[in-house]
Amino acid sequence: MKIAIFGGEKTVKEIKDWPPIDEIDRKYVLNSLEGTNHAYGPNCVELEKEFAAWNGNKYAITTNSGTAALHMSIAGCGLGVGDEIIVPSYSWSSSATCILHHNCIPVFVDIDYETMNMDVDKIEEKITEKTKGIIVVHLHGLSVEMDKVMKIAKKYNLKVIEDACQSHGAKYKGKKVGTIGDCGAFSFNQNKCLCSGEGGMFVTNNEEIYEKAKMLWSFGETRTPSESRDYHAYALGWMYRNNDLTAAFGRAQLTKLDGYLETQKKNASVLTDIIKDIKGLKIPYTPEGCEHIWYNYTLRIEPEKLDFSGDEVILRDSIMEAIRREGVPVGIWQSFILPEMTVFQAKNAYGKGCPWVCPHSRNVSYNPEEYQEAQKHCRRHFGMTYPLRQPNNEKTAELVGLAIKKVFDDIKEKGTDKWVSMVQEVKKS
Ligand SMILES: Cc1ncc(COP(=O)(O)O)c(C=O)c1O
């Protein structure tokens, strides 16, 4: 059977967009629109209560982004100028730039190639007398090995911040992410499993951390706009508050979140069953004790098993192109590791070398060669988000699996070198 890139029929005819919108969303959003407070209004207050209850946190503060919630986490934990914070070398940029926002210094750790999360066995070698915190990133819907992280944190008296922006509802040994460390951050951005367009949530169980984070969130004030304010800046604050319309959309989506996550788990398992034995393709690994929620289903190519000796990036990109032409929107999540990014190489955060050259800081250097597992991941991965989410179903997941299988069967039949040059020809034409 000809594959689509060589003129055959494509396997997947339709993938529906994310997120599904129904009467519940319309009701919540219209109610907010017809209300009288469009700033930090009643829907913000309710979303905080509902999300805290859903996740199992004592305190929650809704923000205009996940990045804001991360910055609040650093301030909430009392971290400041020159403090070093450990963070994985592969993540979204703001998992690390949020550290700079508070004049702290990011120190990177390579990833564990199997889980794609921070290699927790490499944390201790990065700890100095200046290390004060660890930001763990539960990447793509899979929790970090939190027992080990918490043990190290206890030994060295470090704060633990959970970047759970991609992992709503993911569990580690039965506990939801965002409830294990000192505090955590969620994103409600367009592509997230809880989408309100933009937005986010800071969570903690610690009252002192909550109070400090709240000051940073709203102009350095000590009270929220739903309490009686004195409009006094008690500390340096930003304006990180959410607004009522966005929160109303978030509340509507939250009523459906558990259903979404169940669908993702089912669809991921259907897909895995179909592609798990494909030679040259590495399927995602879920360690025992972790409950993955499949924010992003990420695959890696294995060029050595495909007898390919050329450039692995060209091979990966050719495979991705062929799968796309079968009707499956696959993509690369990040093609740069964090320490390689200009902000860390040029140290151009606040100008004049700050915060690295500040008298309180250690002028750490960032050598991208130190993070070989993250580099390899960048060259070999591709993945998908919404094809496995509602309103797409198990039938869609099956077709996605068949599309991937069809492409790899074709590679096997033609031989990898010949197959790659044929794809390159089609791409040129
Ligand atoms: C792991 C991770 N951390 C932080 C963020 C930042 O979230 P936001 O875009 O809501 O600021 C994202 C967003 O994509 C993310 O994927």
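Above this text you will find the structure in question.
How each quantity is defined
- Residues numbered from 1 in each chain as written.
- Predicted model: local features only at pLDDT ≥ 70, side-chain atom pairs only at ≥ 80, totals over all residues.
- Heavy atoms only, no water.
- Helix = DSSP H or I, 4+ residues; strand = E, 2+ residues; numbered from the N terminus.
- Buried < 20%, exposed > 50% of the residue type's maximum accessible area, 1.4 Å probe, protein only.
- Salt bridge = Lys/Arg side-chain N within 4 Å of Asp/Glu carboxyl O.
- Near = heavy atom within 4 Å.
- Polar contact = N/O pair within 3.5 Å; in protein donor to acceptor, adjacent residues only side chain to side chain.
- Areas by Shrake-Rupley, 256 points an atom, 1.4 Å probe, with all protein chains shown as cover.
- Nonpolar A, V, L, I, M, F, W, Y, C, P; charged D, E, K, R; others polar.
- Pairing = 2+ DSSP bridges.
- Right-handed = clockwise from strand over helix to strand, strands pointing away.
- Patch = residues over 30% accessible without salt bridge, like charges linked within 9 Å, V, L, I, M, F, W, Y side chains within 5 Å.
- Core = buried A, V, L, I, M, F, W, Y, C linked by side-chain atoms within 4.5 Å.
- Contact = heavy atoms within 4.5 Å.

**Q** Tell me about unusual backbone geometry, and please be specific about residues and values.
**A** In this structure, P19 follows W18 across a cis peptide bond, with omega equal to -5 degrees. With a phi close to 45 degrees, K173 is a non-glycine residue in the positive phi region. Here K173 is to be found in the loop between β6 (171–172) and β7 (175–176). The class for K173 is exposed, based on a relative accessible area of 53%. The phi torsion at K347 lies on the positive side, around 50 degrees, for a residue other than glycine. Tracing the backbone shows K347 in helix α10 (residues 342–347).

**Q** Break down the pattern of salt bridges for me, with residues and values.
**A** Per the counting criterion, the structure on display carries 32 salt bridges. Note that R229 is salt-bridged to E221, the shortest N-O span being 2.7 Å. Under the relative-accessibility criterion, R229 is labelled partly exposed at 22%. By relative accessible area, which is 5% here, E221 ends up buried.

**Q** Now, about the site of the ligand: what can you tell me, with residues and values included?
**A** Lining the immediate environment of the ligand, one finds 16 residues, of which G66, T67, D163, S187 and K192 sit closest. For the ligand, a nitrogen atom lies 2.8 Å from a polar atom in the side chain of D163. S187 places a polar side-chain atom, nitrogen or oxygen, 2.7 Å from an oxygen atom of the ligand. Contact with the protein chains removes 92% of the 390 Å² of surface that the ligand exposes when unbound. Where the shell around the ligand is concerned, the elements lending two or more residues are α3 (66–76) and α4 (94–101). Counted by class, the shell around the ligand contains 5 nonpolar, 9 polar and 2 charged residues.

**Q** Tell me about the sheet that holds strand β12 (residues 297–301), and please be specific about residues and values.
**A** Sheet architecture is open: 3 strands sit in the order β10-β12-β13, paired in antiparallel fashion. Strands at the two margins of the open sheet, each flanked by one partner only, are β10 (281–282) and β13 (381–384). Pairing analysis gives 4 bridges linking β12 to β13, with the strands arranged antiparallel. Across the sheet, Y297 pairs through a bridge with M384, a residue of β13.

**Q** Can you break down the pairing of strand β3 (residues 105–109) residue by residue, with the values?
**A** For β3, the tally of buried residues reaches 5 of 5 residues, placing the bulk of the element in the interior. Burial of β3 is two-sided: the residues I105, V107 and V109 facing one way and the residues P106 and F108 facing the other way are all buried. A crossover connection joins strand β2 (residues 84–88) to the parallel β3 through α4; in handedness this β-α-β unit is right-handed.

**Q** Please provide a residue-by-residue account of a nonpolar patch on the surface, values included.
**A** Side chains of L30, L33 and L245 sit close together on the surface and give an oily, nonpolar patch of about 240 Å² of accessible area. Here L33 shows up in helix α1 (residues 23–33). L33 gets classed as partly exposed once you look at its relative accessible area, which sits at 47%.

**Q** Summarise the pairing of strand β4 (residues 131–137); cite the residues concerned and give the values.
**A** Counting buried residues along β4, 6 of its 7 residues qualify, which places the element largely inside the surrounding structure. Note that β2 and β4 share 3 bridges and pair parallel. Paired with I85 across the two strands is G133, which belongs to β4. As judged from the 5 bridges shared by β4 and strand β5 (residues 159–163), these two strands associate in the parallel manner. Within β5, the position partnered with V137 by the bridge is D163. Viewed along the sheet, the connection from β4 through helix α5 (residues 146–156) into β5 turns out right-handed.

**Q** Please set out the nonpolar core residue by residue, giving values where relevant.
**A** Formed by 72 residues in total, the largest nonpolar core has its most connected members in F51, I74 and I135. Looking at this core, the element that brings in the most residues is α3, giving 6 residues. Residues in contact with I74, not counting those within four places in the same chain, are L79, I85, C98, I99, H102, C104, I135 and I161. Counting 37 residues, the second largest nonpolar core, distinct from the first, contains F6, Y297, L315 and A403.

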